[in-house]
Amino acid sequence: HNEADWPPFNFSEDGKPKGYSIAYMDLLAKKLGIEVAYVSGPSWGAFLNMIRDKNLDVMLNIIRTKDRSEYILFTEPYVENPPVIVAREDNASVTDFESLFGKTVAIPAGFFYQELIERDYPSIKVLSVTNQTEALKAVAFGKADATVGGIAIQDNLIRQNLLTNLKIVAGLPDESFANRLRIGVRDDWPMLRDILQKAVASVTGDEIAGIQKK
């Protein structure tokens, strides 16, 4: 799957898939001698439905959750992206995770944060939006008090969309929010997951450094 706006990991530019996850998958494909057809356009929630319905074979930069494990097989993580809270510059009431209790947090539909907060932190109100850019705009325009997400994505999107009234407030030290990105495979193809896992295990430090530099 190729997302529209999840830089620097997975995005589309001039109709071409780009980002860390795309470069990483291309490297695995080269090692395995396979070709990858990237599917662009759907929202994250729609991609989850596609892999559940076996209309999509592989998802990139996906976090393993209890719910997703019912229909997705996962490789080991290939990169980690520390989670942070983003709020407006003028909102002094958002200082850490506990300060979100009783407030509204914008989260893209289907993101694992939605599953986690709705299950474990019911005092936080979730505003479901289409994607991470819309989540940031909801905060910037006062529709939500904050959003949460990986620091690299948040920083990129804030700069790209000139959302100058936003700030990164704090990290999320709770282990349950850890942003360990994996490759997910439809659950009826365990052999593909095993093959991809072997390819992941074969990636060298120099290869990772090359992707990071790019």
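On a predicted model such as this, the values are computed, not experimentally measured, just so you know. Residue indices follow the written sequence of each chain, beginning from 1 at its first position. For a predicted model such as this one, the threshold for reporting local features is a pLDDT of at least 70, and the threshold for listing and counting side-chain atom pairs is 80 or more; totals across whole chains, interfaces and linings nevertheless cover every residue. Computation of side-chain values: all heavy atoms of the structure, hydrogens and water removed.

K.L.:
Would you mind going over the overall build of the protein chain with me for this structure?
P.N.:
Runs of E in the DSSP output that reach at least two residues are strands. Runs of H or I that reach at least four are helices, and both are numbered from the N terminus. Counting secondary structure elements, the protein chain contains seven helices and 12 strands. When we talk radius of gyration, it's over C-alpha atoms, and the globule rule is simply 2.2 Å times the number of residues to the 0.38. Here the C-alpha radius of gyration of the protein chain, 17 Å, is about what a compact globule of 214 residues would show, namely 17 Å. With 214 residues in all, the protein chain has 49% of them scored as buried. In what follows, residue pairs with any heavy atoms lying within 4.5 Å of each other are defined as contacts. Restricting the contact set of the protein chain to residue pairs at least 6 apart, pairs at least 24 apart contribute 68%. Using the Shrake-Rupley algorithm and a 1.4 Å probe, accessible areas are obtained, with residue cover drawn only from the displayed protein chains. Working note: accessible area of the protein chain is about 10300 Å², and carbon and sulfur atoms make up 51% of it. Buried, partly exposed and exposed residues are distinguished by accessible area as a fraction of the type maximum, computed with a 1.4 Å probe on protein chains only: under 20%, between the cut-offs, and over 50%, respectively.

K.L.:
Please clarify how the sheet that holds strand β7 (residues 83-88) should be interpreted in this entry.
P.N.:
Strands pair, by our definition, only if DSSP identifies at least two bridges between them. Taken in spatial order, the five strands make up an open sheet running β9-β8-β10-β7-β11, and their pairing is mixed. What marks the edges here is a single partner per strand, and that holds for β9 (125-129) and β11 (166-171). Pairs of neighbouring strands in the sheet enclose a mean axial angle of 35°, with direction left out of account. As paired elements, strand β8 (residues 104-108) and β9 share five bridges and run parallel to each other. From the neighbouring strand, P108 faces β9, where its bridge partner is V129. Note on geometry: axes are C-alpha line fits, over the in-contact stretch for helices, and angles between N-to-C directions span 0 to 180 degrees. Docked against the sheet, helix α4 (residues 132-140) engages β7, β8, β9, β10 (146-150) and β11, running at close to 150° with respect to β10.

K.L.:
I'm lost on the environment of T204 in this one. Help?
P.N.:
If you trace the backbone, T204 turns up in the loop between α6 (190-202) and α7 (205-213). With 110 residues separating them along the chain, T204 and V94 place their C-alpha atoms 41 Å apart.

K.L.:
Even after reading the chapter, I still don't get α4, so can you show me in this structure?
P.N.:
The periodicity of an α-helix, 3.6 residues per turn, causes residues three or four places apart in sequence to face the same way. Within α4, seven of the nine residues are buried, which leaves the element mostly enclosed by the surrounding structure. Taken together, the buried positions of α4 are Q132, T133, A135, L136, A138, V139 and A140. Definition of a polar contact: a pair of N or O atoms within 3.5 Å, with one able to donate and the other able to accept a hydrogen when the atoms are protein atoms, and with sequence-neighbouring residues admitted only if both atoms are side-chain atoms. For α4, the side-chain oxygen to backbone nitrogen distance between the N-cap and T133 is 3.2 Å, and the N-cap itself is N131. With its phi angle positive at about 85°, G142 sits one or two positions after the end of α4.

K.L.:
Looking at this model, I keep getting lost on the sheet that holds strand β1 (residues 5-6). Mind explaining?
P.N.:
In a beta sheet, neighbouring strands pair by backbone hydrogen bonds and run either parallel or antiparallel. The antiparallel open sheet is built from three strands, whose spatial order is β1-β2-β3. Across the chains shown, the open sheet's two edge strands, defined by having one partner strand only, are β1 and β3 (16-18).

K.L.:
What's the story with the environment of Y20 in this structure? I'm lost.
P.N.:
For Y20, the position within the fold is in helix α1 (residues 20-32). Excluding residues that lie within four positions of it along the chain, Y20 makes contacts with P8, F9, Y78, V79, I208, I211 and Q212.

K.L.:
Looking at this structure, how should I read the side chain of N2?
P.N.:
Tracing the sequence through the fold places N2 in the segment before β1. Only 3.0 Å separates the side chain of N2 from the backbone oxygen of F11, close enough to count as a polar contact. Residue contacts for N2: discarding those within four places in its chain leaves N10, F11, S12, P17, K18, I22, Y38, V39, S40, G41 and F47.

K.L.:
Please explain the packing of α1 against α6 as it appears in this structure.
P.N.:
In the contact formed by α1 and α6, the axes pass within 10 Å of each other and the chain directions differ by 105°. Classed by the angle they form, the pair α1 and α6 counts as roughly perpendicular. Here Y24, M25, L28, K31 and L32 of α1 lie close against α6, whose contacting residues are I195, L196, A199, V200 and S202. Ten residues, namely Ala, Val, Leu, Ile, Met, Phe, Trp, Tyr, Cys and Pro, are considered nonpolar, four, namely Asp, Glu, Lys and Arg, are considered charged, and the remaining ones, Gly among them, are considered polar. The residue inventory of the contact of α1 with α6, partitioned by class, reads eight nonpolar, one polar and one charged. Under this scheme an angle from 65 to 115 degrees is roughly perpendicular, one under 35 degrees roughly parallel, and one over 145 degrees roughly antiparallel; angles in between are oblique.

K.L.:
I'm lost on the pattern of salt bridges in this one. Help?
P.N.:
Where charged atoms from two side chains of opposite charge approach closely, those side chains can pair. Salt bridge, as used here, is a side-chain nitrogen of Lys or Arg placed within 4 Å of a carboxyl oxygen of Asp or Glu. Overall, the coordinates contain 12 salt bridges when judged by the stated rule. E175 is paired through a salt bridge with R180; the nearest N and O atoms lie 2.6 Å apart. Given a relative accessible area of 29%, R180 falls into the partly exposed group. The closest approach of N and O atoms between R193 and D194, which form a salt bridge, is 2.9 Å.

K.L.:
How should I be thinking about the pairing of strand β2 (residues 10-13) in this particular structure?
P.N.:
Looking along a regular strand, one sees side chains alternate from face to face of the sheet. Of the pairings in the sheet, the one linking β1 to β2 comprises two bridges and is antiparallel in character. For W6, the partnering residue across the bridge sits in β2 and is N10. Hairpin connection between β1 and β2: a loop of three residues separates the two successive antiparallel strands. The antiparallel hairpin formed by β2 and β3 contains two residues in its connecting segment, where D14 sits at a positive phi of about 55°.

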